[in-house]
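Residues per chain, in single letters:
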Amino acid sequence: MSTKNGTNQARASRDVDSELVYLTKALKAPALRDAAARLAERARDEGWSHEEYLAACLQREVAARDSHGAEGRIRAARFPSRKSLEDFDFDHQRSVKREVIAHLGTLDFVVGRENVIFLGPPGTGKTHLATGLGIRACQAGHRVAFATAAQWVTRLAEAHQAGRLSDELTRLGRIPLIVVDEVGYIPFRTRGREPVLPVHLGPLRTRLGDRDQQQALRTLGRGIR
């Protein structure tokens, strides 16, 4: 009798496993499929309720989807390299205040649609910090776009020539965080018109050093209002 019960239990277990594979595939939930058996064993050992087990399974799937979404946003942002705020060497660059960067890392400036400007000579970590903030924003669910100032000007000039500048600015206006890198490396003297860039620039990496570049900063906000 015990052998028969054991056989029935094994068959039932195999049926449930097959059903889980089918259901998680239909739901497109691979993380849930991979975690279900492992979490079930833990649930039995630790005496979880059915609700606790279900919550744990769903948390694994949600975490996996959030992670995949963040990776997609990071790729779409086109960062020049992958750098995090945690990797920044504050001991080497003592002029950067750790508590200030930690505050920026909360991303309050993104929610408040405020600009962040990094000033300093080359090699002081401005691109690293701007990239780190951008990646942090991607991980928090925000869309980000990264390019140098020269690339932004070229992109918007081409849109202007094609008669779609307004559409391009509208599209950029839907991106919560735009990073403009290397502002100090291109001339901003106007040739009949001023460069147009969106007003919510996000972390702006620059090394402004003369009047032309200071004037350029004032013209950067003449895009989206």
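The preceding data block contains the structure.
Residues numbered from 1 in each chain as written. Predicted model: local features only at pLDDT ≥ 70, side-chain atom pairs only at ≥ 80, totals over all residues. Heavy atoms only, no water.

Enquirer: Explain the pattern of salt bridges residue by residue, including any values.
Expert: Counted under the stated rule, the structure contains 7 salt bridges. Arginine 82 is the salt-bridge partner of glutamate 71, the closest N and O atoms lying 2.9 Å from each other. Taken together, the positions of glutamate 71 in helix α3 (residues 50–77) and arginine 82 in the loop between α3 and α4 (98–104) put the pair 11 residues apart, joining distant regions of the chain. For glutamate 71, a relative accessible area of 27% translates into the label partly exposed. Residue glutamate 86 is joined to arginine 136 by a salt bridge in which the shortest nitrogen-to-oxygen separation is 2.7 Å. Within this pair, whereas glutamate 86 is found in the loop between α3 and α4, its partner arginine 136 is found in helix α6 (residues 126–139), the two being separated by 50 residues in sequence. Given the relative accessible area of 59%, glutamate 86 is considered exposed. Several salt bridges converge on common partners, so that one network encompasses Arg155, Arg164, Glu168 and Arg171. (Salt bridge = Lys/Arg side-chain N within 4 Å of Asp/Glu carboxyl O. Helix = DSSP H or I, 4+ residues; strand = E, 2+ residues; numbered from the N terminus. Buried < 20%, exposed > 50% of the residue type's maximum accessible area, 1.4 Å probe, protein only.)

Enquirer: If you had to explain the side chain of threonine 24 to someone new, which residues and values would you point to?
Expert: One can find threonine 24 in helix α1 (residues 2–26). For threonine 24, a relative accessible area of 5% puts it in the buried group. A polar contact of 2.6 Å, which involves the side chain of threonine 24, links it to the backbone oxygen of leucine 20. Here valine 21 takes part through its backbone oxygen, which lies 3.2 Å from a polar atom of the side chain of threonine 24. The contacts of threonine 24, once residues within four sequence positions are left out, are Ala29, Leu32 and Arg33. (Polar contact = N/O pair within 3.5 Å; in protein donor to acceptor, adjacent residues only side chain to side chain. Contact = heavy atoms within 4.5 Å.)

Enquirer: Can you explain the packing of helix α2 (residues 30–46) against α3? Please cite residues and give values.
Expert: At a minimum axis separation of 9 Å, α2 and α3 run at an interaxial angle of 145°. Seen along the crossing, α2 lies across α3 with a hand that is right-handed. Note on element contacts: α3 touches α2 through Tyr53, Ala56, Cys57, Arg60, Glu61 and Ala64, opposite Pro30, Ala31, Leu32, Ala35, Ala36, Arg38, Leu39, Ala40, Arg42 and Ala43. (Axes fitted to C-alpha atoms, helices over the stretch in contact; angles between N-to-C directions. Left-handed = near helix turned anticlockwise from the far one by under 90°.)

Enquirer: An account of the environment of arginine 73 is needed here, citing residue identities and associated values.
Expert: Within the element layout of this structure, arginine 73 appears in helix α3. In sequence terms arginine 73 and isoleucine 135 are 62 residues apart; their C-alpha atoms lie 8.6 Å from each other. When neighbours within four sequence positions are excluded, arginine 73 is seen to be in contact with Asp66, Cys138, Gln139, Gly141, His142 and Arg143.

Enquirer: Break down the nonpolar core for me, with residues and values.
Expert: Residues Phe79, Ile101, Leu104, Phe109, Phe118, Leu129 and Val144 are the most contacted members of the largest nonpolar core, which totals 24 residues. The set of elements that each furnish at least two residues to this core consists of α3, α4, α5 (108–111), β1 (116–119), α6, β2 (144–148) and β3 (177–181). The greatest single-element share of this core, amounting to 6 residues, is contributed by α6. Beyond its immediate sequence surroundings of up to four residues, isoleucine 101 is in contact with Leu85, Phe90, Val96, Phe118 and Leu129. Counting residues in hydrophobic clusters, the runner-up holds 13 residues, among them Trp152, Leu165, Leu169 and Val183. (Core = buried A, V, L, I, M, F, W, Y, C linked by side-chain atoms within 4.5 Å.)

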